[in-house]
Amino acid sequence: DTAVSQTPKYLVTQMGNDKSIKCEQNLGHDTMYWYKQDSKKFLKIMFSYNNKELIINETVPNRFSPKSPDKAHLNLHINSLELGDSAVYFCASSGTGGYYGYTFGSGTRLTVV
Amino acid sequence: AQSVTQLGSHVSVSEGALVLLRCNYSSSVPPYLFWYVQYPNQGLQLLLKYTSAATLVKGINGFEAEFKKSETSFHLTKPSAHMSDAAEYFCAVSFSGGGADGLTFGKGTHLIIQP
């Protein structure tokens, strides 16, 4: 069983569309995250949720809205997609303390055309 | 605030040679430190982590890293490079090691293995 799974793996869409990326973890972790990896492979945190509560909301456009229906799921909804949103989006989860660390999903490559 | 600097965006070594990837961190509190590897078109895989126990940390695939507080460094090494080690390597720091502050990543080092 995949520990952190995200769907879809690839997403090609036109400018102005709305799209969602789904993430699920079966590790029993309390905290989930969204990271963005840009074309230069730089990774930056976007959001973190702890037990369905938003903890971190980095400076991202408000077109990006995370939703956490329960602590095992964290979805990312993006409105009015722009060319600059093209990137790889990674979901991750973590337990408490350094023992658990952070586990990443395989990523969703979003291409806006 | 915390930050990570990885020296060298590209490192090239011959197969069988020593691999050394450099990472320096800045943190106002004792950090948790991680190395991740990303193979082409794949996700991030944890290589190893420092969580304030032993300063020399052994990871998967023969990699290890040493935490040196006086140098604020956490360099990654492997005695003998293999072709399969070619990938992107990321050093990352966290205040909590697993809490909601998440990870702050360095810009990555692309490791090239010459035959």
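Coordinates for the structure precede this section.
Residues numbered from 1 in each chain as written. Chains lettered and ligands numbered in written order. Predicted model: local features only at pLDDT ≥ 70, side-chain atom pairs only at ≥ 80, totals over all residues. Heavy atoms only, no water.

Student: Sorry if this is basic, but what is going on with the overall build of chain A here?
Tutor: Each helix and strand in chain A was counted, giving 0 helices and 11 strands. For 113 residues, the compact-globule estimate of 2.2 N^0.38 gives 13 Å, and chain A sits close to it at 13 Å. Referenced to the eigenvectors of the C-alpha coordinate spread, the extents of chain A come out at roughly 40 × 25 × 25 Å. With 113 residues in all, chain A has 43% of them scored as buried. For chain A, restricting intrachain contacts to residue pairs at least 6 apart in sequence, the fraction spanning at least 24 positions comes to 53%. Summed over its atoms, the accessible surface of chain A is roughly 5,600 Å², and 49% of this surface lies on carbon and sulfur atoms. The distance from the centre of the 12 positive side-chain charges to the centre of the 10 negative ones in chain A is 6 Å. (Helix = DSSP H or I, 4+ residues; strand = E, 2+ residues; numbered from the N terminus. Rg over C-alpha atoms; globule rule 2.2 N^0.38 Å. Buried < 20%, exposed > 50% of the residue type's maximum accessible area, 1.4 Å probe, protein only. Contact = heavy atoms within 4.5 Å. Areas by Shrake-Rupley, 256 points an atom, 1.4 Å probe, with all protein chains shown as cover. Lys, Arg positive; Asp, Glu negative; His and termini not counted. Charge placed at Lys NZ, Arg CZ, Asp CG, Glu CD.)

Student: What should I look at first to understand the overall build of chain B in this one?
Tutor: From N to C terminus, chain B includes 0 helices and 11 strands. From first element to last, N terminus to C terminus, chain B shows the α and β order β-β-β-β-β-β-β-β-β-β-β. Compactness check: chain B gives a C-alpha radius of gyration of 13 Å against a globular reference of 13 Å for 115 residues, within 12% of the reference. In terms of overall dimensions, chain B has a C-alpha envelope of 40 × 30 × 20 Å along the principal axes. Nonlocal contacts in chain B, meaning residues at least 24 apart in sequence, comprise 57% of its contacts between residues at least 6 apart. Split by element, the accessible area of chain B, about 5,200 Å² in all, is 55% carbon and sulfur. Chain B carries 7 positive and 7 negative side-chain charges, and their two centres are separated by 5 Å.

Student: Which parts of the structure should I look at to understand the pattern of salt bridges?
Tutor: If the charged atoms of two oppositely charged side chains come close together, the side chains can form a pair. Residue and element names in this part refer to chain A. What the rule picks out here adds up to 5 salt bridges over all chains. In this structure, the salt-bridge partner of Asp30 is Lys71, at a minimum N-O distance of 2.9 Å. Here Asp30 is found in the loop between strand 3 (19-25) and strand 4 (31-37), whereas its partner Lys71 is found in the loop between strand 7 (64-70) and strand 8 (73-78), with 41 residues between them in sequence. Classification of Asp30 by relative accessible area gives partly exposed; the value is 21%. In this structure, the salt-bridge partner of Arg63 is Asp85, at a minimum N-O distance of 2.8 Å. Of this pair, Arg63 sits in the loop between strand 6 (53-57) and strand 7 while Asp85 sits in the loop between strand 8 and strand 9 (87-94), placing them 22 residues apart in sequence. (Salt bridge = Lys/Arg side-chain N within 4 Å of Asp/Glu carboxyl O.)

Student: Where do I start with the packing of aromatic side chains in this structure?
Tutor: For any pair of aromatic rings, geometry is given as the distance between the ring centres together with the angle between the planes. Enumeration over the complete set of coordinates arrives at 15 aromatic pairs over all chains. Ring plane angle 15° and centroid distance 4.1 Å describe the contact between Tyr50 of chain B and Phe67 of chain B, whose orientation is recorded as stacked. You can see Tyr50 of chain B sitting in strand 5 (residues 44-50) and its partner Phe67 of chain B sitting in strand 7 (residues 64-68), a full 17 residues away along the chain. What makes Phe67 of chain B buried here is its relative accessible area of 9%. Between Phe90 of chain B and Phe105 of chain B, the aromatic rings sit 6.1 Å apart at their centres with planes inclined by 85°, giving edge-to-face as the arrangement. Of this pair, Phe90 of chain B sits in strand 9 (residues 87-94) while Phe105 of chain B sits in strand 10 (residues 104-105), placing them 15 residues apart in sequence. There is no split in this pair, since Phe90 of chain B and Phe105 of chain B are both buried. Among the aromatic residues, those joined into a ring-pair cluster are Tyr33, Tyr35, Tyr102 and Phe104 of chain A together with Phe34, Tyr36, Phe90 and Phe105 of chain B. (Phe/Tyr/Trp six-rings, centres within 6.5 Å; stacked < 30°, edge-to-face > 60°.)

Student: Would you mind showing me how to read the sheet that holds strand 8 of chain A here?
Tutor: Strand-to-strand pairing in sheets goes through backbone hydrogen bonds, with the strands running parallel or antiparallel. All names here are of chain A. In spatial order, the strands read 1-3-8-7; together these 4 strands make up an open sheet with antiparallel pairing. Edge positions in the open sheet fall to strand 1 (4-7) and strand 7, since each of these has one partner strand only. Going across the sheet, the axis of each strand differs from the next one's by a mean of 20°, ignoring polarity. Two strands pair when backbone bridges link them, and strand 1 and strand 3 are joined in this way by 4 bridges, in the antiparallel orientation. Bridge pairing links Val4 to Gln25 in strand 3. (Pairing = 2+ DSSP bridges. Axes fitted to C-alpha atoms, helices over the stretch in contact; angles between N-to-C directions.)

Function-wise, these values are silent; they only describe arrangement.
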